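# An overview of the molecular structure
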Amino acid sequence: MTPLSIAAATQSVEGLDKACEVPSTRNLVRDIFTMTGDRWSMPVIRALDDGPMRFTALMHAVEGISHRMLTRTLRSLQRDGLVSRTSYPESPPRVEYELTELGQTLSEPVRAFIGWTQQHQAEIEESRRRFDA
């Protein structure tokens, strides 16, 4: 599901309106759903779950991500307070990224989501086979 389709789906979900009576909360929930559904945010958070990493190490840890997308993803995660960037005054300059305390709290649901997927993988794959037949 693309970020656009996730955003469209959350806008049409009546339960979201009922669960989030405050419009600013509802909008933030939509933003976070979009972020968790994009292609790169969760793999970056998962990679940083192992501890601070330099940019190049992150590129290797998140298979297939381009320099530009990693930069954009890190900036977005920084904006939301999930990732911090530390620049060390060395020559050559060294920059490390790590999960903030807030970002670490997101790691637990990410691990739970991965675990849920692994636990139900056979059921999901069988359902897909039946549907696609």
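See above for the structure.
The sections below set out a description of the structure shown in this document.

Parameters at a glance
- Here the residue index of a chain counts from 1 through its sequence in written order.
- Reporting of local features is limited, given that this is a predicted model, to residues whose pLDDT is at least 70; pairs of side-chain atoms are given and counted only at 80 or more, and all residues count toward the totals for whole chains, interfaces and linings.
- Remark: hydrogens and water are excluded; side-chain values derive from all non-hydrogen atoms of the structure.
- Just to be clear on terms, a salt bridge is a Lys or Arg side-chain nitrogen sitting within 4 Å of an Asp or Glu carboxyl oxygen.
- Helix numbering and strand numbering both begin at the N terminus, where a helix is a DSSP run of H or I of at least 4 residues and a strand a DSSP run of E of at least 2.
- With a 1.4 Å probe rolled over the protein chains alone, any residue whose accessible area is under 20% of its type maximum counts as buried; one over 50% counts as exposed, and the rest are partly exposed.
- Strand pairing is assigned whenever DSSP identifies at least 2 bridges connecting the two strands.
- Here a residue-residue contact requires only that any non-hydrogen atoms of the pair lie within 4.5 Å.
- Helix axes are fitted only over the stretch in contact, all axes being lines through C-alpha atoms; the angle between N-to-C directions runs from 0 to 180 degrees.
- Each angle gets one of four labels, with under 35 degrees taken as roughly parallel, over 145 as roughly antiparallel, 65 to 115 as roughly perpendicular, and the rest as oblique.
- Any helix carries an expected span of 1.5 Å times its number of residues minus one.
- Directions from the helix axis toward the C-beta atoms define the arc.
- N or O atoms within 3.5 Å of each other form a polar contact, as long as, within protein, one can give a hydrogen and the other can take it, and as long as residues adjacent in sequence are counted only when both atoms are side-chain atoms.

With that out of the way, let us pick up the pattern of salt bridges. Across all of its chains, the model carries seven salt bridges by this definition. Two residues, Arg129 and Glu126, come together in a salt bridge whose shortest N-O distance is 3.2 Å. In this pair, Arg129 and Glu126 are both assigned in helix H8 (residues 121–132), three residues apart and thus about one turn of the helix distant. With a relative accessible area of 51%, Arg129 lands in the exposed category. The class for Glu126 is partly exposed, based on a relative accessible area of 32%. Note that Glu126 is salt-bridged to Arg130, the shortest N-O span being 3.6 Å. One end of the pair is Glu126 and the other is Arg130, both in helix H8 and four residues apart, which spans about a single turn. Salt bridges linked by common partners bring Arg46, Asp49, Asp50 and Arg111 together as one network.

So, about the sheet that holds strand S3 (residues 94–99). Pairing is antiparallel across the open sheet formed by three strands, whose spatial order is S1-S3-S2. Each having just a single partner strand, strand S1 (53–54) and strand S2 (83–88) make up the two edges of the open sheet. Relative to S3, S1 is paired through two bridges, and the arrangement is antiparallel. When the bridges of S3 are listed, Met53 appears paired with Tyr97. Set on the sheet, helix H6 (residues 67–79) makes contact with S2 and S3; between it and S2 the angle comes to about 110°.

What follows is about the packing of helix H7 (residues 101–119) against H8. H8 packs onto H7 with a crossing angle of 60° between their chain directions and a minimal axis gap of 4 Å. One way to sum up the angle between H7 and H8 is to call them oblique. Facing Trp116, Thr117, Gln118 and Gln119 of H7, the residues of H8 in contact are Gln121, Glu123 and Ile124.

Here we take up the pairing of S2. When S2 meets S3, the two strands line up antiparallel, connected through six bridges. For Ser84, the partnering residue across the bridge sits in S3 and is Glu98. What sits between S2 and S3 in their antiparallel hairpin is a turn of five residues.

Below, the discussion takes up unusual backbone geometry. A cis amide bond, omega 0°, links Ser91 with the succeeding residue Pro92. Topologically, Pro92 is positioned in the loop between S2 and S3.

Here we come to H7. Spanning 19 residues, H7 covers 28 Å between terminal C-alpha atoms, matching the ideal 27 Å at 1.5 Å per step. Every buried residue belonging to H7 is among Gly103, Leu106, Ser107 and Val110, and all of these are buried. Projected down its long axis, H7 shows its buried positions confined to an angular sector of 120°, all on one face. Turned more than 90 degrees away from the buried face of H7, the exposed residues are Glu101, Thr105, Glu108 and Gln119. For H7, the secondary structure elements touched by its buried residues are helix H3 (23–37), helix H4 (41–48) and S3.

Another point: the side chain of Glu96. Considering the arrangement of structural elements, one finds Glu96 in strand S3. Engagement of the side chain of Glu96 in a polar contact is seen with the side chain of Tyr88, the distance being 3.3 Å. Only 3.1 Å separates the side chain of Glu96 from the side chain of Arg94, close enough to count as a polar contact.

Function cannot be inferred from these measures alone, as they are strictly geometric.
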